[in-house]
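Working through the structure, step by step
Spelled out from the first residue to the last, the chains are:
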Amino acid sequence: MKFTPRTALVALLMLAAPAAFAQTNTLNGIQNMRRSALSPIYDGNEVKGYVMFARGDKADRKNDNYLLDLYDQNLAKISTITIQKPAGRYTLLKNTFNGSAFAFYFFNSKDKTLEMETYDTSLKKLGSKAIGELTKGDLRVLDGQQRAVDPTAGGMMLGLNLFPVPGLGFVRNGYTGGMAKGYTLAIYDNKLGMHWRITSDENAKQYESLSITEAADKYLLGIMVRRDGLLSRKTTSYMVALDAKTGKKLLDLPVETSATEQLSLSSFTFDADKREFVAVGEYYKLDDKPFVNKSQGLYVKRFGENGKPVSTKNYGWHNEIAALMPAEAKASLEDNYVNYNHAVVKGANGRMYIVAEQFKIVGDGLGIAASILNGGGGSASVSKGKVANMLVFEIDPQATLTSVKFYPKTVTNAELPPGTGFMGAGLLGQIMKSQGDFDYQFMQKNDDNTQFNVVYVNFDKEKGEKAQTYIGNIAFGDNGKYAVDKIEMPSGPTYSYLYPAKPGYVMIADYFKKKNQLGMKLVKLNI
Amino acid sequence: MLRSTPNPRISTALRLLCLLFLTALGPYRVAAQDAAYRPYYSSDTTRLYQLAVAQRNAVKAHFVLPKTGTSDYRDHYRKVVQETSDDVFNSIRYSALLDPVVEPFVQRVFAQILKANPQLPATARLVLTRNPEPNAHAVGNGTVMLNIGLLPRLENESQLAFILCHELAHVACRHMENGMQQRLLALHSKEMQREFRRIVNAEYNIGSQVKALALGFSLNANYHHRQFETQADSLGYALLARTHYEAPQAYRVLQLLDTIDEPENPAPVALPTYFSCTDFPKKFGVAPAKPASIFTVQKEVTALETSDTLKSHPDCGKRMRYVQALAKGQIADGPQPASPPDFARIRAASRLEIIQSWFDYDCYDHALFEALQLLPQQPHNGYLQAVVQLSLFELRQHLQDHTYFSVVSNLSAHNPATFNALVTTLHDLRYDDFKGLSACFAQATGPEDAADEYALAARYAASALAADAAAPATAALKTQFEQQYAAGRFAKLLFPAPPPKAPGKHR
């Protein structure tokens, strides 16, 4: 720990009452630390705590003691839940909070089961449930999910998830068949009693994957991607709305409203003020494939509760968007960079913000040479990815694109798996996302949807100096101002991990391998 | 007619009279300012270093390594002595207060106790520390460490004398030596070692079993510690009774200690008075209160906290009853008459030292809180005004450097509600707010005309908050400060050398 007068005072007062001196918490005896060991607990939009999942000591010949250490949003330790589960074969997939209960979703790789445990806010256990007989599709998805660097990547293989539904419980998704051809959705109450379960039509010709995106009003909203086969690159996006109480499908509409459109769907929300569904995504050339090829621009579509289109607005990269691009951004557009949309949010002021990051694929000379020497085979990749600048698009309530903000950052390289060289830009963006190649980390929102901030990492290098890692932060919201803050990453720790935090803060966890110590701190953003 | 036109002749005479009055008052005001207490500072740390080294050596010399016992026990003993002596060195080197007002006063009280009790060890020493927590403790070699934070909480010299007598009683009874020996012997006893081996060999649930063993060990140690406290109260009372100080005050000390964790001043800080003005009409405490936590977990309390018989110190109530019996009912009960002038002066000086101590320890939230609590009583105190401006400056600096977390406390049930209210405000502040806060505060407290380091540092801080460090007026103040106070208290803090840069790793 860095010596500061304040830490010296803490040392002097060690034997005094446990005073809360700073917004930090230092844990000792941490032998190993991965980013996924610590995850934020959300209540609505805001981070209200953290859970650390750790393997403790042996419980008996077959089981270990696993610890769920819970902290509040100020990093004060709340309590520890100890569970005894198969040694070395138990992982936490997800923690979630629905306003009245916590749910922890585990994968027991020894028994090949998914297990859920729920607790009330006093951490009294409410229920537990083991889901056995996982389909091959479930296991296939789980495998990919556990190997993904960024498990929130989304895309076509959306992973196994547990989604909080305030007032009702938790929704769990699953995959049917050996090739994950269809989906299942089931809702459980806080005691894990199942209320309803829906499953895709066994006789459906297409592959279907459904990801729940939001519990809004009376709806459970989701994005359905349908395609002809598991490896088919031709996909169609559908907007799905379910009655949260009954699971009845109220809406299942393609986002494409005519045969002359090719659209992908990034965000599907419900505007309770206007009683309209809002779809945001990208549009493509008629011959191209959504999600696969390079898109032509962004679109925003609005639909009535009856599913009828209300309005459509397209924003072309080279038209509306280019016109608003700052001069310094135009070079990157001409340099063939395309955008990966990380987040779409709607503010309380009715404005919509789309956060994107530029990337492109370039041929890798060495990879190509190795490929030729191997007679075209081998595992060397012939292409590599490049990740560049951040962009924020702002659309006013009248659907006019009002500004494009450009935040330059140092270009970083991404290694692409073999065989990806001939894929389209859209699909490569999904792969890069799941590999954790993008610098975007997360977006934070306050409960009122009046303030947002996008957090990313930048590797900056001043002339004559060593490269320095910075946490970039773009803040915007109801006050109409865009502010940028730059936090220098500490150089002392073996690793530093970045997590979302309460509004106006980020949480940095510094791991010191030699000292087996983890220091967590809440860093107030200078916005 | 409600207003009359003043007679010009009378007006001129009045003006002359006022001028004469002000001329007469002028030297007095200057004298009053000269007499105003300022926290002690010396850039020469030679005395501190020498004292720290001497005490470190004294601790090492005092704790003689036992010739018996296992090698583990002896190694552990050596390690504890090393750590204790290092702690003593650091405490003295970085926090001993050798000022010309408070320190001689407490040393005089200490000397009178020793004089009245010649049987006490001749090696007994008192060190006054700048630690703001209200506490005192004894070190095994006969040194008593008295925190400055305790002094304002006492009402008179006799109460201070009892505190020192209590600590000297620990020294006389060799409680530190005995306590350490008992703990180490218990830790290295055959029974404990056997139990520890059994747990480790058991292979399973080691963590919880070691935790249970440690708790049992702590309970046992606390049991012995309680006995020491009762002995120290008893002997401390006897030592006090031999002095000219009032022995009944011992009871009152325990009464005060019983409520020492409660704030001395329960009044909320008047934030709107100082930090809201026409140019910066900030509203405080109007944000809708959000639930602090989604958790409704009852705080985990250990047996050490729940059962009085298992605490290291007996409850003050029990100690009071015990002392009452010792004093045969001759006790000072309830608030005592206003402090005698000498002691009142010491309390007042200590309060300012405490504020400075919080500030020097980078606890700007505490420094700000204490200064704002004192300001209504001393609205023209230039030092308090300076601390507020300097704290705002440092807070903004840390916000800019993303180290705000290290200088602003967390909300905590251990804090007084009034302090938590200030901390909540500090958490909500934005960078631009500090400019407005500083300007409003300057308006509310009026111009500061003192000519000392604190005032100049505060003027620089206010100027930097109003504009930026590169502005001509701010730069001029910086130059002036560096010329006048190059070796001053705030030189390194306000104008630090830029740290070297090094790359970090991020995952």
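All figures in this text were calculated on a predicted structure; none of them were measured in a lab.

1. Describing the overall build of chain A
If you tally the helices and strands in chain A, you get six helices and 33 strands. Of all 527 residues assigned to chain A, the portion counted as buried reaches 41%.

2. Considerations on the overall build of chain B
Of the regular secondary structure elements, chain B holds 20 helices and three strands. A total of 507 residues make up chain B; the buried ones form 36% of that total. Taking the intrachain contacts of chain B between residues at least 6 apart in sequence as the baseline, contacts between residues at least 24 apart amount to 72%.

3. A word on the nonpolar core
When a protein is soluble and globular, its nonpolar side chains tend to lie buried together. Core analysis: the largest hydrophobic core is formed by 233 residues, its most contacted members being V506 of chain A together with L164, L168, A371, V387, A457 and A461 of chain B. Apart from the residues lying within four places of it in its own chain, the contact partners of V387 of chain B are I355, F359, A367 and A371 of chain B.

4. What to know about the pairing of strand β31 (residues 495-500) of chain A
Residue and element names in this part refer to chain A. Of the pairings in the sheet, the one linking β31 to strand β32 (residues 505-512) comprises six bridges and is antiparallel in character. The residue of β32 that forms the bridge with Y497 is A509. With antiparallel pairing between neighbouring strands as the criterion, β31 and β32 make up a hairpin whose turn holds four residues, including G504 at a positive phi of roughly 90 degrees.

5. Some details on the sheet that holds strand β1 (residues 125-129) of chain B
Residues and elements named next belong to chain B. Read across the sheet, three strands follow the order β1-β3-β2 without closing on themselves; strand pairing throughout is mixed. Each end of this open sheet is capped by a strand with a single partner; those strands are β1 and β2 (136-138). Neighbour to neighbour, the strand axes of the sheet diverge by 15 degrees on average, direction disregarded. Pairing of β2 with strand β3 (residues 143-147), which is carried by three bridges, proceeds in the antiparallel orientation. By the bridge assignment, A138 is partnered in β3 with V144.

6. Overview of unusual backbone geometry
Positive phi is not limited to glycine here, since K112 of chain A has a value of about 55 degrees. Following the sequence through the fold, K112 of chain A ends up in the loop between β7 (101-108) and β8 (113-120). We note that E203 of chain B has phi near 75 degrees; this positive angle belongs to a residue other than glycine. Tracing the backbone shows E203 of chain B in the loop between α7 (190-202) and α8 (206-241). Accessibility expressed as a C-beta count within 10 Å gives 11 for E203 of chain B, which makes it exposed.

7. Remarks on the sheet that holds strand β2 (residues 38-43) of chain A
The strands making up a sheet are joined through hydrogen bonds of the backbone, oriented either antiparallel or parallel. Residue and element names in this part refer to chain A. On the basis of which strands lie adjacent, the open sheet formed by four strands has the order β2-β3-β4-β5 and antiparallel pairing. What marks the edges here is a single partner per strand, and that holds for β2 and β5 (77-86). Between one strand and the next, the sheet's axes are offset by a mean angle of 25 degrees, whatever the strand orientation. Both β2 and strand β3 (residues 46-58) contribute to a ladder of six bridges, which runs antiparallel. The residue bridging P40 from the neighbouring strand is Y50, located in β3.

8. Quick look at the domain arrangement of chain A
Residue and element names in this part refer to chain A. Split into domains, chain A comes out as domain 1 (100-204) and domain 2 (212-324). Averaged C-alpha coordinates put domain 1 and domain 2 at centres separated by 24 Å. Listed per partner, the contact involves 12 residues of domain 1 and 10 residues of domain 2. Elements supplying a minimum of two residues to the side of domain 1 that touches domain 2: β10 (162-165), β11 (169-176), β12 (182-188) and β13 (194-199). Counted by class, the side of domain 1 that touches domain 2 contains 11 nonpolar, one polar and no charged residues.

9. Considerations on helix α18 (residues 453-466) of chain B
All names here are of chain B. Its 14 residues place the ends of α18 20 Å apart at the C-alpha level, agreeing with the 20 Å of an ideal helix rising 1.5 Å per residue. Burial analysis of α18 places 11 of its 14 residues in the buried class, which makes it a mostly covered element. Among the residues of α18, those classed as buried are Y454, L456, A457, A458, R459, Y460, A461, A462, S463, A464 and L465. Each element contacted by the buried residues of α18 is listed here: α15 (382-400), α17 (433-445), α19 (472-484) and α20 (491-494).

10. Re the packing of helix α5 (residues 157-172) of chain B against helix α9 (residues 249-258) of chain B
All names here are of chain B. At a minimum axis distance of 9 Å, the contact between α5 and α9 shows a crossing angle of 80 degrees. By the angle between their directions, the pair α5 and α9 is classed as roughly perpendicular. Judged by residue contacts, S158, Q159, F162 and I163 of α5 engage Q249, A250, R252 and V253 from α9. When grouped by side-chain class, the residues that make up the contact of α5 with α9 number four nonpolar, three polar and one charged.

11. A word on the domain arrangement of chain B
All names here are of chain B. The assigned domain composition of chain B is domain 1 (46-287 + 307-326) and domain 2 (362-494). Facing 18 residues of domain 1, the contacting portion of domain 2 comprises 17 residues. For the side of domain 1 that touches domain 2, the residue count by class is 12 nonpolar, four polar and two charged.

12. Thoughts on the packing of α15 of chain B against α18 of chain B
Residue and element names in this part refer to chain B. Interhelical geometry of α15 versus α18 gives an angle of 40 degrees and a closest axis separation of 8 Å. Compared by their axis directions, α15 and α18 come out oblique. Once α15 is placed against α18, the crossing between them reads as left-handed. For the pair α15 and α18, contact is made by G382, Y383, Q385, A386, Q389, L390, L392, F393 and R396 and by Y454, A455, A457, A458, A461, A462, A464 and L465, respectively. When grouped by side-chain class, the residues that make up the contact of α15 with α18 number 13 nonpolar, three polar and one charged.

13. A short note on the confidence of the model for chain A
The pLDDT averaged across chain A works out to 85; a share of 87% of its residues lies at or above 70. In the predicted structure, residues 7-20 of chain A sits below a pLDDT of 50 and forms 24 contacts with residues beyond four places in sequence or in another chain.

14. Side note on the environment of I487 of chain A
Here I487 of chain A lies in strand β30 (residues 483-488). According to the C-beta neighbour criterion, I487 of chain A is buried, with 21 such atoms within 10 Å. Put simply, I487 of chain A and N458 of chain A are 29 residues apart on the chain and 9.8 Å apart in space, counted from C-alpha to C-alpha. In contact with I487 of chain A, other than residues within four places in its own chain, are Y470, I471 and V523 of chain A together with H402 of chain B.

15. Looking at α19 of chain B
Residue and element names in this part refer to chain B. Taking 1.5 Å as the rise per residue, α19 with 13 residues should run 18 Å; its terminal C-alpha atoms sit 18 Å apart, in good agreement. All of the buried residues along α19 are T474, L477 and F481. Viewed end-on, α19 has its buried residues packed into an arc of 60 degrees, placing them on one side of the element. Facing away from the buried surface of α19 by more than 90 degrees, the exposed residues are P472, A476, T479 and Q483.

16. Details of the environment of G127 of chain A
Residues and elements named next belong to chain A. Counting through the fold element by element, G127 comes out in strand β9 (residues 125-131). C-beta crowding within 10 Å serves as the criterion here: with 17 such atoms nearby, G127 is assigned to the partly exposed category. When sequence neighbours within four positions are dropped, the list of residues in contact with G127 reads T118, K191 and L192.

17. A closer look at the confidence of the model for chain B
All names here are of chain B. Predicted confidence across chain B gives a mean pLDDT of 86, with 86% of residues reaching 70 or more. Helix α4 (residues 102-116) holds the highest mean pLDDT among the elements of chain B, 98, whereas helix α1 (residues 8-35) holds the lowest, 39. Within the model, pLDDT remains below 50 along residues 1-34, and this stretch shows two contacts once partners closer than five positions in the same chain are excluded. Confidence estimates for the predicted assembly give a pTM of 0.85 and an ipTM of 0.85.

18. Thoughts on the environment of V240 of chain A
Residue and element names in this part refer to chain A. For V240, the location among the structural elements is in strand β16 (residues 235-243). Measuring from C-alpha to C-alpha, the distance between V240 and Y219 comes to 9.5 Å, with 21 residues separating the pair along the chain. Not counting residues up to four positions away in its chain, the partners in contact with V240 are L210, G222, M224, K249, L251 and D252.

Criteria and thresholds
Residues numbered from 1 in each chain as written. Chains lettered and ligands numbered in written order. Predicted model: local features only at pLDDT ≥ 70, side-chain atom pairs only at ≥ 80, totals over all residues. Helix = DSSP H or I, 4+ residues; strand = E, 2+ residues; numbered from the N terminus. Buried ≥ 20, exposed ≤ 12 C-beta atoms within 10 Å, placed from the backbone. Contact = placed C-beta atoms within 7 Å. Core = buried A, V, L, I, M, F, W, Y, C linked by C-beta atoms within 7 Å. Pairing = 2+ DSSP bridges. Axes fitted to C-alpha atoms, helices over the stretch in contact; angles between N-to-C directions. Domains from an automatic or database assignment. Nonpolar A, V, L, I, M, F, W, Y, C, P; charged D, E, K, R; others polar. Expected span 1.5 Å × (residues − 1). Parallel < 35°, antiparallel > 145°, perpendicular 65-115°, else oblique. Left-handed = near helix turned anticlockwise from the far one by under 90°. pLDDT = per-residue confidence, 0-100. Arc of directions from axis to C-beta.

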